[in-house]
Amino acid sequence: MMTNLKTILIPAYEKKYAVGSFNSYNYETFRGSIEAGVETGTPIIAAFGAKYLANMSLETASALVHSLAEPLDIPICLHLDHSKDMEVIFRAIQAGFGSVMYDGSALPFEENLANTRAVCRVAHACGVSVEAELGSLAAGRESHEGEATDVEKYTDPKAAKKFVSATDVDALAVSIGTVHGLYKGKPNIRVDILKEIDQALGIPLVLHGGSGTPKEDILQCIANGIAKINVNTEISSDAVARSAALLAKEKPHFSVLSLHQVDFVKETVKKYIAFFRSH
Ligand code: 13P
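Structure report, in brief. Within each chain, residues carry numbers counting from 1 in the order of the written sequence. Per-residue local features of the predicted model are confined to residues with pLDDT of at least 70, and side-chain atom pairs are confined, for both listing and counting, to 80 or more; whole-chain, interface and lining totals are unaffected and use all residues. Heavy atoms from the whole structure form the basis of all side-chain values; hydrogens and water molecules are not counted.

**Comments concerning the sheet that holds strand β7 (residues 171-174)**
Moving on, step 1. With parallel pairing, eight strands are arranged side by side around a closed barrel as β1-β2-β3-β4-β5-β7-β9-β10. Strand-to-strand twist of the sheet, defined as the mean angle between neighbouring strand axes without regard to direction, takes the value 25°.
Moving on, step 2. Pairing between strands is defined by DSSP: at least two bridges between the two strands are required. The secondary structure listing takes helices from DSSP runs of H or I that are at least 4 residues long and strands from runs of E that are at least 2 residues long, numbered from the N terminus. One ladder, built from four bridges, connects strand β4 (residues 99-102) with strand β5 (residues 129-134); its direction is parallel. Paired with serine 99 across the bridge in β5 is serine 129.
Moving on, step 3. Lying over the sheet, helix α4 (residues 86-95) contacts β3 (76-83) and β4, oriented at roughly 175° with respect to β4.
Moving on, step 4. Relative to the sheet, helix α6 (residues 157-167) contacts β5 and β7, its axis offset from that of β5 by approximately 155°. Interaxial angle, 0 to 180 degrees, is taken between N-to-C directions of lines fitted to C-alpha atoms, where a helix line uses only the stretch in contact. Contact definition: two residues touch when any of their heavy atoms are within 4.5 Å.

**With respect to the site of the ligand**
Moving on, step 1. Surveying the vicinity of the ligand reveals 15 residues, the closest of which are Asp81, Gly181, Gly209, Ser211 and Thr233.
Moving on, step 2. Pairs of N or O atoms within 3.5 Å make up the polar contacts considered here, provided that, within protein, one atom can donate a hydrogen while the other can accept it, and that residues adjacent in sequence are counted only when both atoms are side-chain atoms. At a separation of 2.8 Å, an oxygen atom of the ligand approaches a polar side-chain atom of aspartate 81.
Moving on, step 3. Between the ligand and glycine 209 there is a distance of 2.8 Å, counted from an oxygen atom to a backbone nitrogen or oxygen.
Moving on, step 4. Surface accessibility in these figures is a Shrake-Rupley result with a 1.4 Å probe; residues are shielded only by whichever protein chains are displayed. A total of 310 Å² of accessible area belongs to the ligand in isolation, and the protein chains cover 100% of it.
Moving on, step 5. For the shell around the ligand, the elements supplying multiple residues, two or more each, are β3, β8 (179-180) and β10 (226-231).
Moving on, step 6. Each residue receives one of three labels: charged for Asp, Glu, Lys and Arg, nonpolar for Ala, Val, Leu, Ile, Met, Phe, Trp, Tyr, Cys and Pro, and polar for the others, Gly being one of them. The class makeup of the residues in the shell around the ligand is two nonpolar, eleven polar and two charged. Being near a molecule or strand, for a residue, means having at least one of its heavy atoms within 4 Å of it.

Okay, structure coming up:
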C-alpha cells in the first residue's frame, strides 16, 4: 500500500527503529528495494532523487511505484530525495509522491526556513510529508550525489529547534559526521550532537550517507532519534561489481541480466534492513 512519510516514520521514531530510504532510478532498483520489503515484512521508502530525472520522469517513477506497491500489504512511501528546485517539488506532489525533501541546506538559514515553510503549506494540504535539511555533509568515495567541494557542517541543535517550530517539517535531515558515499577513513559519528538535536526537537530525524556506516554507529543513531536512513552508493557499487563479475563469465540475455540485478539490489537492501531493525 502507498502511504506518506509521516505515517511510516512516527511509529519508527516512537519504537526506536529506522526505515530504509533506498535510492532508486530504474526498474531494477525500485523492484529490488520493494521486494526486499516484501520478503522481510518491513516498510520501504522508495527514494527518487531529483538528480536522476534524466533516468526517469517523476510521472514514470510514480506510475511504476504505484503499480508495484498498491497490491502489497507493506507500507511503501515514494519520496523525492534532495530537490533544491521548488518547481520539481510541486510537480512531484502533483505526480503522486507521498513525500518530498526540500534541500535548502546550501542557502542562508532564513531563506531555507522560508522556502521550507512554503513547501510544507502546499505539501501538507495535499497529505504529502516534507523532509528538510540543516547543516551539510562532506562527500566520501564513489558518491554520485556528493561533490569533492562539499563541506561538512554539523547541524546546530538550537537553530534546528527554531527551524522545526517555524516550518512544521515532518522530518529533519541532520549532519553529524556521515558522508555521501563510502568513508575515506574511520567514521566519526557525533552521537553527542544528535542527542542534543533529538532532545530539542522530538521529531523523526534522518541520516543521509548510510552507505558503509558501521552497524554499531547506526544502532546508536537509532537510539537517539534517527528514524530514516538513506542508502545510495552501496546499492549501486555492489550491483555494478556483481554485474561486472557475471558478465566476465557469461553474456546473458538483457532480460536475464535485469533479473540478476534486481537480486543484487535486494541483497544489499536486506542487509541494511537487518541493521535498521525495522521488523
Ligand atoms: P550514500 O550514498 O552514502 O548511501 O548516501 C545516500 C543519501 O544520503 C541519499 O540522500
